[in-house]
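Examination of the molecular architecture
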Amino acid sequence: MRPAAELGFEVDDTLLARLAWSRLAEPGDPRAAALVAAVGPSDALRAVMERGVPAAADVSRSNPAAWMAKYVPRLPTLDPARDLVAVRRLGGRVVGPEDDEWPAGVNDLEVPPLCLWVVGPESLRPLRDRSVALVGARAATTYGEHVARELGYGLVGRGFAVVSGLAYGIDAAAHRGALAAGGASVAVVAGGVDRAYPRGNESLMRRLSEGGAVVSEVPPGSAPSRSRFLQRNRLIAALATGTVVVEAAWRSGSLSTARAADALGRPVGAVPGPTTSMTSAGCHALVRSGAAVL
């Protein structure tokens, strides 16, 4: 690891350690979060590098050496200074719990993020008080995309920011509706903030990074994966005041966002659709179970 002094600008060592942890541990890793919470990111990182567990860390419920060993293979390529330079070249920043911009809503998660990589002028701090997550099917119908755009546009007109996941279908339509209204929209992505996924939404990602924000738990260059998509969904729910599922099939991934919002005690809404439409089956199930209101 390069020392902070080589960067050419000032950066707190605690933040550098958080950056390192965001590459060492996967989003939602409970043991990494517990270790960092117990002794701080710097001492936790030192513990992994020295293959020891600080006495203050309450991680004795399992063999510490065994689970800490999984971080070791990533140590040789660890370079948080490089990652910080990369995000700054994008015009971005890294936000940690010690920063004023840190969105308080994510602290309600059982395993909060260790840090957030952000590109775009929109501040994350106000999201907990005035934002709505609009999520839904990638393979959306024309009806679903129309409703998502209208909701995104209308929410902005009422002073809300729109949070979504930059996927095809409902997510993209919600972002575009918010942008069309001249308002704020925040995309939470499963890969790095420099990697549009899907690639077809690259221009939309660029627009969001210019007028809203693109947010990730993993450093630039990181690839999305199934587990990272699931963890991304719980972050969307935590950032927003409430969540609306616009269109979702029976096994849609957006239902995990709704469940995360419900677990956090946030309001959940679902948009009804035709009884013959499989892309509305998940929304109807949420309403039937009482997990969401119309």
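Look above for the structure.
Residues numbered from 1 in each chain as written. Predicted model: local features only at pLDDT ≥ 70, side-chain atom pairs only at ≥ 80, totals over all residues. Heavy atoms only, no water.

What about the overall build of the protein chain?
A tally of helices and strands in the protein chain yields 11 helices and 8 strands. Here the C-alpha atoms of the protein chain give a radius of gyration of 19 Å, agreeing with the 19 Å that 2.2 N^0.38 yields for 294 residues. Overall, the C-alpha framework of the protein chain stretches about 60 × 40 × 30 Å when taken along its three principal axes. In the protein chain, buried positions account for 54% of the 294 residues. Here the contacts in the protein chain between residues at least 6 apart in sequence split such that 72% fall between residues at least 24 apart. A total accessible area of about 13100 Å² is found for the protein chain, and carbon and sulfur atoms account for 51% of it. (Helix = DSSP H or I, 4+ residues; strand = E, 2+ residues; numbered from the N terminus. Rg over C-alpha atoms; globule rule 2.2 N^0.38 Å. Buried < 20%, exposed > 50% of the residue type's maximum accessible area, 1.4 Å probe, protein only. Contact = heavy atoms within 4.5 Å. Areas by Shrake-Rupley, 256 points an atom, 1.4 Å probe, with all protein chains shown as cover.)

So, the environment of Arg199
Assignment of secondary structure puts Arg199 in the loop between β5 (185-188) and α8 (202-211). With relative accessibility at 62%, the residue Arg199 sits in the exposed group. Along the chain, Arg199 and Tyr168 lie 31 residues apart, while their C-alpha atoms are 10.0 Å from each other.

Notes on helix α1 (residues 13-24)
The terminal C-alpha atoms of α1 lie 16 Å apart, and with 12 residues this matches the ideal 16 Å at 1.5 Å per residue to within 8%. Within α1, burial applies to Leu15, Leu16, Ala17, Arg18, Leu19, Ala20, Trp21, Ser22 and Leu24. Here α1 starts with a cap whose side-chain oxygen sits 2.8 Å from the backbone nitrogen of Thr14, and that cap is Asp12. (Expected span 1.5 Å × (residues − 1). Polar contact = N/O pair within 3.5 Å; in protein donor to acceptor, adjacent residues only side chain to side chain.)

What to know about the environment of Val119
Mapped onto the elements of the fold, Val119 is located in strand β2 (residues 116-119). Residues Val119 and Leu208, 89 residues apart in the sequence, show an inter-C-alpha distance of 8.7 Å. Excluding anything up to four places from it in sequence, Val119 contacts Val87, Leu90, Gly92, Val193, Ser209, Gly212, Ala213 and Val214.

What to know about the pairing of strand β4 (residues 161-164)
Residues of β4 alternate between two faces, with Ala161 and Val163 on one and Val162 and Ser164 on the opposite face, all of them buried. When strand β3 (residues 131-136) meets β4, the two strands line up parallel, connected through 3 bridges. When the bridges of β4 are listed, Ala133 appears paired with Val163. With respect to chirality, the unit in which β3 leads through helix α6 (residues 142-157) into the neighbouring parallel β4 is right-handed. Where β4 and β5 come together, 3 bridges link them in parallel fashion. Looking at β5, one finds that Val162 is bridged to Ser185. Between the parallel elements β4 and β5, the chain passes through helix α7 (residues 170-180) in a crossover that is right-handed. (Pairing = 2+ DSSP bridges. Right-handed = clockwise from strand over helix to strand, strands pointing away.)

Structural notes on helix α5 (residues 80-89)
Taken together, the buried positions of α5 are Pro80, Ala81, Asp83, Leu84 and Val87. For α5, the angular spread of the buried residues around the axis is 160°, confining them to a single face. The inward-facing, buried residues of α5 contact α1, β1 (92-95) and β2. Immediately beyond the C-terminal end of α5, within one or two residues, lies Gly91, with a positive phi of roughly 80°. (Arc of directions from axis to C-beta.)

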